[in-house]
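This is what each chain is made of:
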Amino acid sequence: MSSREDGVMIVLSSPSGAGKTTLTKLLSKNNNYSISVSHTTRKPRNSEIDSKDYYFVNQEKFKDLIKKNEFLEYAKVFNNLYGTTKSPVIDNLKNGQNVIFDIDWQGAKQIKEKGLGYKLITFFILPPSKDVLFKRLSNRDMKDKLIVEERMMQFNKDILHWVDYDYVVINDNLESCYNEVNNLIKSEIGQLNNSYDVEFIKKHIASLVN
Ligand code: 5GP
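Presented here is a report on the structure given in the accompanying data block. Please read these numbers as outputs of a predicted model, since none were measured by experiment.

Below, the discussion takes up the site of the ligand. Close to the ligand lie 15 residues, the nearest being Lys20, Ser38, Arg42, Tyr54 and Tyr82. Note that a nitrogen atom of the ligand is positioned 2.7 Å from one of the side-chain N or O atoms of Glu73. Note that an oxygen atom of the ligand is positioned 2.5 Å from one of the side-chain N or O atoms of Tyr82. Against a free-state accessible area of 510 Å², the protein chains account for coverage of 93% of the ligand. Broken down by secondary-structure element, the contributors of at least two residues to the shell around the ligand are β5 (71–77) and β6 (80–85). Looking at side-chain class alone, the shell around the ligand contains five nonpolar, four polar and six charged residues.

In structure tokens form, the structure reads like this:
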């Protein structure tokens, strides 16, 4: 059972390349939120550190964790398995620590459906346009044209999940996106009104799905 002193769960999802990982790190650093470190079967990128960015594990270990019912949620994303283990999250929440999750829509859905009894705030982060997304993906560590194309195709599917989130925020400029998410979290925690404009978001979605 949750109490007023329990931490809050903050989920950030986005189609690949919308800048959510940077945003997650910034929110965590400035507010002392604990980042939920996922397990994945994906190979580490050059800059990534094991146990900090992810717990990098093989398929066997991942399947073992599934069998032992250790995951709060898990999903297959771009042919790799990703999952959030339960106990560190629950421990943090019970200690009054807010926890932030950088997970995809499948994981967000599973956490929502679990109904853990802790306050949950979900955000879907979107790029300002398809052109900007294409440039961001091309400049990332994936110089491979095929991967960029694959992620652009996936974007058209992923964006449809915006309806499942509490808030959709556009990441045009990192600082203003950060401020918007931060203000929305503060308003939710303090149960204050906010200026979220769903009609504006609907128009933006329409421009991205064309
Ligand atoms: P990347 O491989 O680029 O780090 O992440 C690919 C996608 O997997 C991102 O959308 C990221 O949010 C998602 N992801 C990372 N960790 C988890 C997790 O534990 N569970 C789920 N469902 N998705 C995750």
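Next comes the rest of the description.
To continue, consider the sheet that holds strand β8 (residues 120–126). The strand order β2-β7-β1-β8-β9 describes an open sheet built from five strands, whose pairing is parallel. Of all the strands in the sheet, the pair left with one neighbour each is β2 (34–35) and β9 (167–170). Across four bridges, the pairing between strand β1 (residues 9–13) and strand β7 (residues 99–102) is parallel. Considered in β7, the bridge of Leu12 is made with Asp102. Here helix α1 (residues 20–31) sits on the sheet in contact with β1, β2, β7 and β8, set at roughly 170° to β7.

All right, on to the sheet that holds strand β3 (residues 39–40) then. A sheet is described by the order of its strands in space; here four strands give the open sequence β4-β3-β6-β5, paired in mixed fashion. Every interior strand has two partners, whereas the edge strands, β4 (55–56) and β5, have only one. Across two bridges, β3 lies against β6 in antiparallel orientation. For Thr40, the partnering residue across the bridge sits in β6 and is Tyr82.

A few words now on the packing of α1 against helix α7 (residues 174–189). The N-to-C vectors of α1 and α7 enclose an angle of 55°; their axes lie 10 Å apart at closest approach. Taken as axis vectors, α1 and α7 run oblique relative to one another. Crossing geometry of α1 relative to α7 is assigned as right-handed. Of α7, the residues touching α1 (which contributes Thr22, Leu23, Leu26, Leu27, Asn30 and Asn31) are Leu174, Cys177, Tyr178, Val181, Asn182, Ile185 and Lys186. Looking at side-chain class alone, the contact of α1 with α7 contains eight nonpolar, four polar and one charged residues.

Quick look at helix α6 (residues 145–158) now. Over its 14 residues, α6 runs 20 Å from end to end, which matches the ideal 20 Å to within 8%, given 1.5 Å per residue. Regarding α6, the residues found buried are Val148, Arg151, Met152, Phe155 and Asp158. Looking straight down α6, one finds its buried side chains confined to an arc of 120°; they lie on one side. Looking at α6, the residues exposed on the side facing more than 90 degrees away from the buried face are Leu146, Met153 and Lys157. Tucked inside the fold, the buried residues of α6 contact α4 (105–114), β8, α5 (130–139) and α8 (198–209).

Quick look at the nonpolar core now. Core analysis: the largest hydrophobic core is formed by 27 residues, its most contacted members being Met9, Phe101, Leu126, Val168 and Ile205. Setting aside residues up to four positions removed in sequence, Phe101 forms contacts with Met9, Ile10, Val11, Leu12, Ser36, Leu72, Thr84, Val89 and Ile111. Counting 18 residues, the second largest nonpolar core, distinct from the first, contains Leu27, Val169, Cys177 and Ile185.

This part takes up unusual backbone geometry. Unlike most non-glycine residues, Asn32 shows phi in positive territory, near 60°. The topology assignment puts Asn32 in the loop between α1 and β2. For Asn32, a relative accessible area of 58% corresponds to the exposed category. The phi angle at Ser51 is positive, at roughly 75°, despite the residue not being glycine.

Here we come to the pattern of salt bridges. A full pass over the atoms with the stated rule returns eight salt bridges. Across the pair Glu48 and Arg42 runs a salt bridge whose closest N-O atoms are separated by 2.9 Å. Of the two residues, Glu48 and Arg42, neither departs from the other in class, the shared state being buried. Residue Arg45 pairs with Glu48 through a salt bridge whose shortest N-O separation is 3.8 Å. Judged by its relative accessible area of 17%, Glu48 falls in the buried class. Among the ionic contacts, a cluster of salt bridges with common partners joins Arg42, Arg45 and Glu48.

Definitions and cut-offs
- Residues numbered from 1 in each chain as written.
- Predicted model: local features only at pLDDT ≥ 70, side-chain atom pairs only at ≥ 80, totals over all residues.
- Heavy atoms only, no water.
- Near = heavy atom within 4 Å.
- Polar contact = N/O pair within 3.5 Å; in protein donor to acceptor, adjacent residues only side chain to side chain.
- Areas by Shrake-Rupley, 256 points an atom, 1.4 Å probe, with all protein chains shown as cover.
- Helix = DSSP H or I, 4+ residues; strand = E, 2+ residues; numbered from the N terminus.
- Nonpolar A, V, L, I, M, F, W, Y, C, P; charged D, E, K, R; others polar.
- Pairing = 2+ DSSP bridges.
- Contact = heavy atoms within 4.5 Å.
- Axes fitted to C-alpha atoms, helices over the stretch in contact; angles between N-to-C directions.
- Parallel < 35°, antiparallel > 145°, perpendicular 65-115°, else oblique.
- Left-handed = near helix turned anticlockwise from the far one by under 90°.
- Expected span 1.5 Å × (residues − 1).
- Buried < 20%, exposed > 50% of the residue type's maximum accessible area, 1.4 Å probe, protein only.
- Arc of directions from axis to C-beta.
- Core = buried A, V, L, I, M, F, W, Y, C linked by side-chain atoms within 4.5 Å.
- Salt bridge = Lys/Arg side-chain N within 4 Å of Asp/Glu carboxyl O.

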